[in-house]
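Structural characterization, general
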Amino acid sequence: MIRLILVCILFFVVVYFTPMLIGEPGYISISKGGMIYELTVYTALFWIGVCFAVMFLFVKILRGSLKISFSTWNKLIFASRRKALKEFNQGITAYALEDYQQAEQLLANCAEKSQFEQTAYLLAASAAQKQNLASNTKHYLTALENNQQTLKATGLEGILIKIKLLLEQDSFNKENLKQARTLIDEHHKHIGHDARLLSLEIDLCIMEQRFENTVEYLTSARKQKNINDNVIQQWEKVAFYGAFNNIIQQKDNNALTNYWQKLTKKVKQREEVLFAYCLVLTENKLIEPLNKILLTPLKKAASQVFLQNLRTLPLQKPDELIIIVQKHLHSDPHSAKWLSCLGHLALNGGQLQMADKAFHSLMNIEGKQYDDVDLKAFASVLEQQGEYQKANQLLRKIVLQ
């Protein structure tokens, strides 16, 4: 640029001083509209040079101003987007740090401008859910309904989060359950390949009280390595109880018996399924089939878990079961698990003296061989016998532990 300016200055100096050095510079005549303009050749060249120099400077200035304008315009246009991305990142950080109030505010503000609208609204809804702000959660989920992003763009994870939020928001809200059902049905083909969607399907079926459908899904759930056994057992307990209860309420005892018999031996041996069936039989006072099911495992070396589940059943006529338990105690009078079992069975059968004796023996075994359930049952026995002070002492013992 400096060189160019120096060349121009040199050119103008030469043009200016040349006529002084040359005696005959030559003339140019220009006629226009009756007027004649005369210029020396050197003067004409001088002004032509001036014009080119002015044009050159004008172009340089124009290009510089345009460059500045585009840069400024770019900053103005994308400033809001940059701010939204900054808030999006801060919102995710706040969510990770469990600052759900700050996370909700940042993610909700940046959702529409951050290019991650789906993710921002989902996390904002989750943050609101963590704060028990049901109305806010519903607002963000409603905003997502207008978002038409495809599964390919958002991934199945986005759908899973939305379904989970709908189920967690209010399990008794029919509208939420309806929306969750629509989403699951739209992506139903993924259930066989994704354990997370299968889990949500099972949870939703339980909320919808579609227990027989839940039972069918449990077969697939047991094949999934990513689903915890404790979760499956809890599902089985709820689903089979619901299925058994629906059958006997909607049909009759024979229909319940037929349904039970059609289950595979392996399923019937699972304690969650077995005791769900026994509970329905107990509630409907079907004593004979109930005792028939319980006598076989009791005659054998029943597990501690089986006996703990047995004491939760409100058995009304446990006489046959008591006889089996007494036989075990004849062989091992100091067995804590059989003493506990006898005490609960005798209490349910109204045999208070037998229950009192069993629980006293249990309490006298060296080491703590009883739990809070035994203490509550023993307190109930004492209370029914009018020994209120001793009963209160046992209940205080539970509280102070």
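Please read these numbers as outputs of a predicted model, since none were measured by experiment.

**Let's talk about the packing of aromatic side chains**
Each aromatic ring pair is described using two quantities: the centre-to-centre distance and the angle formed by the ring planes. Summed over all chains, the structure comprises eight aromatic pairs. Connected via pairs of aromatic rings, a cluster forms that spans Phe240, Phe244, Tyr259, Trp260 and Tyr277.

**As for the confidence of the model for the chain**
Residues of the chain with pLDDT of at least 70 account for 80%, and the chain-wide mean is 81. Here helix α6 (residues 151-154) stands out as the element of the chain with the lowest mean pLDDT, 53, in contrast to helix α11 (residues 229-250), whose mean of 94 is the highest.

**Some points on the packing of helix α15 (residues 287-299) against helix α17 (residues 319-331)**
Interaxial distance between α15 and α17 falls to 10 Å at its minimum, and their mutual angle equals 5 degrees. Taken together, the axis directions place α15 and α17 in an arrangement best described as roughly parallel. Where α15 abuts α17, its residues Asn291, Leu294, Leu295, Leu298 and Lys299 lie against Glu320, Leu321, Ile324, Val325 and His328. A breakdown of the residues in the contact of α15 with α17 according to their chemical character gives six nonpolar, two polar and two charged.

**Structural notes on the nonpolar core**
For soluble globular proteins, the rule of thumb is that nonpolar side chains tend to be buried together. Judged by nonpolar contacts, the single largest core of 109 residues is most densely connected at Ile163, Phe240, Phe244, Leu294, Leu298 and Leu310. For phenylalanine 240, the residues in contact, after removing those within four places along its chain, are Val215, Leu218, Trp235, Leu263, Val267, Val273 and Ala276.

**What to know about the pattern of salt bridges**
The full count for this structure, using the stated rule, is ten salt bridges. For the salt bridge of arginine 222 with glutamate 236, the shortest nitrogen-to-oxygen distance reads 3.0 Å. In this pair, arginine 222 sits in the loop between α10 (211-221) and α11 while glutamate 236 sits in helix α11, placing the two residues 14 residues apart along the sequence. The salt bridge partner of glutamate 387 is lysine 390, with a shortest N-O separation of 3.3 Å. A relative accessible area of 27% places glutamate 387 in the partly exposed class. Each of Arg181, Asp185, Glu201, Glu208 and Arg210 takes part in a single network of salt bridges with overlapping partners.

**Observations regarding the environment of lysine 357**
Within the secondary structure, lysine 357 is located in helix α19 (residues 352-363). In the structure, lysine 357 is positioned 21 residues away from phenylalanine 378 in sequence and 9.9 Å away in space, judged by C-alpha atoms.

**Remarks on a nonpolar patch on the surface**
Side chains of Ile48, Phe52 and Met55 sit close together on the surface and give an oily, nonpolar patch of about 340 Å² of accessible area. Given the relative accessible area of 43%, isoleucine 48 is considered partly exposed.

**Overview of α19**
In this model α19 runs 16 Å from its N-terminal to its C-terminal C-alpha over twelve residues, within 8% of the 16 Å that 1.5 Å per residue would give. Regarding α19, the residues found buried are Leu352, Ala355, Asp356, Ala358, Phe359, Leu362 and Met363. For α19, the angular spread of buried residues about the axis comes to 170 degrees, placing them on one side. Exposed residues lying more than 90 degrees from the buried face of α19 are Gln353 and Lys357. If you follow the buried residues of α19, they end up packed against α18 (336-348) and α20 (372-384).

**Structural notes on unusual backbone geometry**
Although it is not a glycine, glutamate 98 adopts a positive phi angle of roughly 65 degrees. Assignment of secondary structure puts glutamate 98 in the loop between α2 (41-96) and α3 (100-110). Positive phi outside glycine occurs at lysine 285, with the angle close to 60 degrees. Residue position: lysine 285 is located in the loop between α14 (271-283) and α15.

**Here's the deal with the side chain of threonine 137**
Here threonine 137 shows up in helix α5 (residues 134-145). Assessed through its relative accessible area of 0%, threonine 137 is described here as buried. For threonine 137, the side chain forms a polar contact with the main-chain oxygen of alanine 125, separated by 3.4 Å. Every residue in contact with threonine 137, bar those within four places of it in the chain, is listed here: Ala125, Ala128, Gln129 and Gln169.

So, how was this worked out
- Residues numbered from 1 in each chain as written.
- Predicted model: local features only at pLDDT ≥ 70, side-chain atom pairs only at ≥ 80, totals over all residues.
- Heavy atoms only, no water.
- Phe/Tyr/Trp six-rings, centres within 6.5 Å; stacked < 30°, edge-to-face > 60°.
- pLDDT = per-residue confidence, 0-100.
- Helix = DSSP H or I, 4+ residues; strand = E, 2+ residues; numbered from the N terminus.
- Axes fitted to C-alpha atoms, helices over the stretch in contact; angles between N-to-C directions.
- Parallel < 35°, antiparallel > 145°, perpendicular 65-115°, else oblique.
- Contact = heavy atoms within 4.5 Å.
- Nonpolar A, V, L, I, M, F, W, Y, C, P; charged D, E, K, R; others polar.
- Core = buried A, V, L, I, M, F, W, Y, C linked by side-chain atoms within 4.5 Å.
- Buried < 20%, exposed > 50% of the residue type's maximum accessible area, 1.4 Å probe, protein only.
- Salt bridge = Lys/Arg side-chain N within 4 Å of Asp/Glu carboxyl O.
- Patch = residues over 30% accessible without salt bridge, like charges linked within 9 Å, V, L, I, M, F, W, Y side chains within 5 Å.
- Areas by Shrake-Rupley, 256 points an atom, 1.4 Å probe, with all protein chains shown as cover.
- Expected span 1.5 Å × (residues − 1).
- Arc of directions from axis to C-beta.
- Polar contact = N/O pair within 3.5 Å; in protein donor to acceptor, adjacent residues only side chain to side chain.

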